[in-house]
Every structure is written in C-alpha cells, then in structure tokens.
Amino acid sequence: MWNKNAAAVAALHRVDVGRWQDAFGEVIDRIAPRFARYEPLRHAAGLMQGMLAGLDRKNCWTIAEHRGQSTPHGLQHLLARAKWSADGVRDDLRCYVADHFGDPEAILVADETGDVKKGLHSVGVQRQYTGTAGRIENAQVGVFLAYATARGHALIDRALYLPRSWTDDRDRCAAAGIPDDVEFATKPALATRMVTAAVNAGVPAAWVAGDEVYGADPDLRRAVRASGLGYVLQIGANRQVPTGAGTHRVDELAASLPADAWQKRSAGTGSKGKRHYSWALIGIDAEHDADPDGAAHHLLIRRNDTTGELAYHRCYSPRPVSLARLVRVAGQRWRIEESFQAAKGLTGLDQHQVRRWTSWHRWITLAMLAHAFLAVATAIERDHAPAPAGLIELTVNEFRRLFDALLLGAKHTIHTLLAWSRWRRRHQARARECHYRRHQHQ
C-alpha cells in the first residue's frame, strides 16, 4: 500500500538521512552548555523531536507517548523545574539562524500572535484583541522577532506581553512565577528590546519591518535609527508626518499625488504568484534626533489597484535607497506570518498546555528552535539537491514530513499503548471527580 512511509522510502535515494541526523545533533550540541545535567538535555531533545513529529496535537502527554516514555513526568519537569536557561537557548537559537542565514541585507520583522485560552490562570491571559481570532478573546499574546533573508526565515526571539491587569497585581504575578523585576511594557517596547539585543549580539541585518502597532511608536523608530538600521514600518491612515510644507496626515498626502507618481512593482511572490501593487514615494522631514549625513526619510504608499485600498509606511534609511529596495523590505514583512503559521502547524508553537512564566518561555523557545532547524535543514537540502524539472523546490512542510517518516517513527508496543490508555483514563477520572465535587459545593 502506498502511504507516507512508502513515499519516504521511495525518496530515500535522493536524500541523505545521515546529514539530517547530524544537523539535528548540531542543534542539540549547540544548546548543551545551557543544561547543568544530561537528563534535562535528553528530555529537551526528545521534546523537540516530538514537536517535529506528525502528531495531531503536541503536548507533554502526546509527545511522551510518541517517544515511548512511560509517563510525561520527565517533560513536565523539563518545562517547570529543571535547571536550564531558556534565555540562553534563545541566544543560541539567534546565533544558529544568523550562522546559517546571515545576510547583511536581512530584515528583522516584529509582530505579535495570540493563543486563545480558557480560564484566568494562564500567565498573561486576559480579554484582549488577538489577530489569531480576529477579535477580542480571552488570550495570551506574545511578541516575536523574525529574521528574514532570501535564503530562509525563522523566529529568533520572543517576549510574553503582560497586560497591566497582571503587572499591577504582584500577588497574581508571584502565583504565576513572574519575576519581581518584570514590569509593564508595551508591545513596541518589547520589540525594541529584541531588535536591540539582536544588534548587540552581532546579528547581520539592514532593516526592521513591522505593522501599525510598531510603526506608530517613536521610541522604536529612534532605537532602530540609533542602531544604524533602516526601517519600513506601517502606519495608520490618520498618522501625521512632517514635510517641508508642514505636518500633514498621510492619507491627505496620498490624495494629493498626481497619477504619474505611482509605479507598478511586485512586493514579492505569494501563494498566488507575484504580488503586484502600485507604489508612491514621498520625501518627508527627519524626526527630532540627528541623522547621519545622507540619511533619508520617506512615506511609502501602497495601492491595491483592484480594491483601491491604501497602506502607508514610514521609512528611514541611513543612506539613500531606491523605491524598489523599500518595496522589497515592505513585502518581506509577511515572512513573520509565514513563520507563525509554520511554527504553529509544524512544531506546536501554540499547543502548549502550560500556565506559568518559566514553562511558557521554555516551550516557546524549544518550539522556535525546532522550527528554525526545519528552515535551516530545508535550505541546506535545497543546496545539496536542487529540484529537477517538474518539481517545486523542497518546502519546510515537505522536509518535516520526510524527517518524521524516516527518523521519528512512533515507538509503540502493545504494552505501552495499554499503559497510556490507563494513564489517560485514570487522570480523566480524577478530573471528573474534581469537577463533580466543585459542582456539588457551588
């Protein structure tokens, strides 16, 4: 019967599975110094392998069962109590991506994503807008930084957004394991810290991109300029910018443009082919702080010629640049959305079942690292085995499917299957009993 395993075996003569094993081993060797003992490192490797597997749902229970472990206790201990540095692993992740994708023209992209949650106890949860649901929901929101180049892209940093309802309640923070020195910070402030950390770590980059949440923040713009990078940051239609003729709303400036001010250019390739828009560029005055000689400030306007919809970008470059270059940066902002989709769908970025500060950062960091491994390994495989005529290039999704089929087969026996069945039913019985007891006392 032709199935996933048969397809993988048929493709075996075209891939080097040993190279894939070595590549995953490189990742584990890179983070090994962050662990005081071998046992947590072994569990971290196992957790990442479970994240890379083709499980419908990824959490400590399902991954432990898939890996042939008798209980999820080892993985739960890894996330909650074991001695290791999630921020140290984050630093290793950032260096790993920069080592393989490093490009002086790279773009750092900031954005947030939310996980819809039930209840009130998961760290950072409250009713707030999340783009994941497209509305206000009970959710956790994390701010992320992606590294995007022509060769590939991956998430390299993360920060959990804590609303004031949390930071103003120190008892609630303590119950969730939030350190005493963590205070309220806006999403742009969190992004600013991550961009600054990437620059200080020597990550090669030229640009920062982000949506309206980040484009509206003057402190973020100032920090990017101080770091020597340029930016293409989206802003709202009601935002004002300084020009030689005074300060004006950006939608008013767009309305005053003549027809010949617009140029048709592609913002890159999407799922439906080239994304063609009309673009216009308007020079604007500098902000208050001093700029290097030759620095340029612009308003970049994108027009969808089908719908007439306009989008506005506030731009800065330390040196004069062309319209085509700014359009390229604006088009690459969507790479972080692709990274979110891949990390959630392939490595369980949003499937954690943790409630506390430390566990959240540990799960998210390892899921990001697992996704970065997929992105890097796929790029390396493309280098070694370019797609022949009639095939598209190897995708991250397809590489993960092959990696799972060839290297991560589930380790099931009748004994382990029955043991896990008993485990689940026992815990479900306890949960039901507790639920009934609470209901009786209401």
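Residues numbered from 1 in each chain as written. Predicted model: local features only at pLDDT ≥ 70, side-chain atom pairs only at ≥ 80, totals over all residues. Heavy atoms only, no water.

Visitor: An account of the overall build of the chain is requested, with residue identities and associated values reported.
Guide: Within the chain one finds 17 helices and 12 strands. The globule rule puts the C-alpha radius of gyration for 442 residues at 22 Å, and the 24 Å found for the chain is close to it. Along the three orthogonal principal directions, the C-alpha set of the chain runs to about 75 × 65 × 40 Å. For the chain, with 442 residues in total, the buried portion stands at 49%. Entry remark: accessible area of the chain is about 21500 Å², with carbon and sulfur atoms responsible for 50%. Looking at charge distribution, the chain has the averaged site of its 59 positive side-chain charges lying 8 Å from that of its 47 negative ones. (Helix = DSSP H or I, 4+ residues; strand = E, 2+ residues; numbered from the N terminus. Rg over C-alpha atoms; globule rule 2.2 N^0.38 Å. Buried < 20%, exposed > 50% of the residue type's maximum accessible area, 1.4 Å probe, protein only. Areas by Shrake-Rupley, 256 points an atom, 1.4 Å probe, with all protein chains shown as cover. Lys, Arg positive; Asp, Glu negative; His and termini not counted. Charge placed at Lys NZ, Arg CZ, Asp CG, Glu CD.)

Visitor: Go over the packing of helix H2 (residues 17-31) against helix H15 (residues 357-384), please, and point to the residues and values.
Guide: For the pair H2 and H15, interaxial distance at closest approach is 11 Å and the crossing angle is 140 degrees. On the basis of the axis angle, H2 is oblique to H15. Crossing geometry of H2 relative to H15 is assigned as right-handed. Facing Arg19, Trp20, Ala23, Phe24, Val27 and Ile31 of H2, the residues of H15 in contact are Leu369, Phe373, Ile380, Glu381 and His384. (Axes fitted to C-alpha atoms, helices over the stretch in contact; angles between N-to-C directions. Parallel < 35°, antiparallel > 145°, perpendicular 65-115°, else oblique. Left-handed = near helix turned anticlockwise from the far one by under 90°. Contact = heavy atoms within 4.5 Å.)

Visitor: Account for the pairing of strand E6 (residues 230-235), naming residues and giving values.
Guide: Of all six residues in E6, six are buried; the element is thus mostly enclosed. As judged from the four bridges shared by strand E5 (residues 207-210) and E6, these two strands associate in the parallel manner. Each residue of the ladder has a partner; that of Ala209, found in E6, is Val232. Across five bridges, E6 lies against strand E12 (residues 310-317) in antiparallel orientation. Bridge pairing links Tyr231 to Tyr316 in E12. (Pairing = 2+ DSSP bridges.)

Visitor: Go over the nonpolar core with me, naming the residues and quoting the values.
Guide: Leu108 and Phe373 are the most contacted members of the largest nonpolar core, which has 113 residues in total. The element best represented in this core is H15, accounting for 16 residues. Not counting residues within four places of it along the chain, the set of residues in contact with Phe373 comprises Trp20, Ala23, Phe24, Val27, Leu52, Tyr96, Phe399 and Phe403. Judged by nonpolar contacts, the second largest core, of 12 residues, contains Val241, Trp262, Ile282 and Tyr312. (Core = buried A, V, L, I, M, F, W, Y, C linked by side-chain atoms within 4.5 Å.)

Visitor: Account for the pairing of strand E3 (residues 135-148), naming residues and giving values.
Guide: Strand residues, when the strand is regular, have side chains that alternate between the two faces of the sheet. Most of E3 is tucked away, with 12 of its 14 residues classed as buried. Of the strand pairs in this sheet, strand E1 (residues 107-116) and E3 are connected by 10 bridges, and their pairing is antiparallel. Bridge pairing in E3 links Thr113 to Gly142. By the bridge criterion, five bridges tie strand E2 (residues 126-130) to E3 in an arrangement that is antiparallel. The partner of Gln126 across the bridge, within E3, is Ala139. Adjacent in sequence and paired antiparallel, E2 and E3 are bridged by four residues, among which Gly134 carries a positive phi angle near 75 degrees. Sheet topology places E3 next to strand E4 (residues 153-160); seven bridges connect them, and they run antiparallel. Directly across from Leu145, in E4, lies its bridge partner Asp157. A loop of four residues connects E3 with E4, the two strands running antiparallel in sequence.

Visitor: Before we move on, could you go through helix H5 (residues 73-80) and cite the residues and values that matter?
Guide: Owing to its 3.6 residues per turn, the α-helix aligns residues three or four sequence positions apart on the same side. Those residues of H5 not exposed but buried are Gly74, Leu75, Leu78 and Leu79. Along the axis of H5, the buried positions cluster into a sector of 130 degrees, meaning they face one direction only. Looking at the buried residues of H5, the elements they touch are helix H3 (38-52), helix H4 (60-66) and H15. (Arc of directions from axis to C-beta.)

Visitor: Report on the pattern of salt bridges, specifying residues and quantitative values.
Guide: On inspection of all chains with the given rule, the structure shows 25 salt bridges. Here Arg222 makes a salt bridge to Asp219, at a shortest N to O gap of 2.7 Å. Highlighted residues: Arg222 and Asp219, both in helix H11 (residues 218-226), separated by three residues, approximately one helical turn. Residue classification places Arg222 among the partly exposed residues on the basis of a relative accessible area of 39%. By relative accessible area, which is 47% here, Asp219 ends up partly exposed. Sharing partners across several salt bridges, the network here consists of Asp87, Arg90, Asp91, Arg94, Asp157 and Arg158. (Salt bridge = Lys/Arg side-chain N within 4 Å of Asp/Glu carboxyl O.)

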